[in-house]
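Reading the structure
What follows is each chain in one-letter form.
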Amino acid sequence: QVHLVESGGGLVQPGGSLRLSCAASGSIFSINAMGWYRQTPGKQRELVAAITSGGATNYADSVKGRFTIDRDNAKNTVYLQMNSLKPEDTAVYLCNTDVTLSRTYYRRQYWGQGTQVTVSS
């Protein structure tokens, strides 16, 4: 019912930047919180950053001051600007959205397919 399409991952050198995008489409009445998580093999999925419909943001301590999350409500899209990237930022980054569905007005969470970010020289 709702599809998330992520883009923007890739290989970057330490100190470099990447910008991730996640666009939601489908049976959407409204989008509540949107966020980015990351996962590496053998580790638990962790929240990187989140943003409410009103624009309030929350960041993991490890990315504060380096990453910025924002959203374009007209496009149902969330972005993650990642600066000063470090090798430990290497992970699969997954988009998550909290959606109120059209017609039913049920709230559901949806995940993107993930995009690989690799920070290496």
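Below you will find a few notes about this structure.

Under the counting rule described, the total for this entry stands at two aromatic pairs. Aromatic side chains Phe-29 and Tyr-105 sit 4.9 Å apart centroid to centroid with 85° between the ring planes, which places their arrangement in the edge-to-face category. A residue pair is termed long-range when its members are at least 10 positions apart, and Phe-29 in strand E4 (residues 28-39) and Tyr-105 in the loop between strand E9 (91-101) and strand E10 (107-111) qualify at 76 residues. Taken individually, Phe-29 and Tyr-105 each receive the classification exposed, so the pair is uniform in this respect.

Applying the stated rule across the entire model yields six salt bridges. Here Arg-38 ties to Glu-46 by a salt bridge, and the two come within 2.6 Å at their closest N and O atoms. Of the residues examined, Arg-38 reaches a relative accessible area of 7% and is grouped as buried. Between Lys-64 and Asp-61 there is a salt bridge, with its nearest N and O atoms 3.1 Å apart. Among the charged side chains, a salt-bridge network with shared partners connects Arg-38, Glu-46, Arg-66 and Asp-89.

Rules used throughout
- By convention here, each chain's residues receive numbers from 1 onward along its written sequence.
- Residue-level local features of this predicted model are given only where pLDDT is at least 70; pairs of side-chain atoms are given and counted only at 80 or more, and the full residue set underlies all totals for whole chains, interfaces and linings.
- Hydrogens are left out, water is left out, and the side-chain values use all remaining heavy atoms of the structure.
- Side-chain rings of Phe, Tyr and Trp (the six-membered ring for Trp) are treated as a pair once their centres are within 6.5 Å; stacked means planes under 30 degrees apart, edge-to-face means over 60, and tilted covers the remaining angles.
- Starting at the N terminus, helices and strands are each numbered in turn, a helix being any DSSP run of H or I of at least four residues and a strand any DSSP run of E of at least two.
- For every residue, the accessible area (1.4 Å probe, protein chains only) is compared with the maximum for its type, and the residue is labelled buried under 20%, exposed over 50%, or partly exposed between those bounds.
- Just to be clear on terms, a salt bridge is a Lys or Arg side-chain nitrogen sitting within 4 Å of an Asp or Glu carboxyl oxygen.

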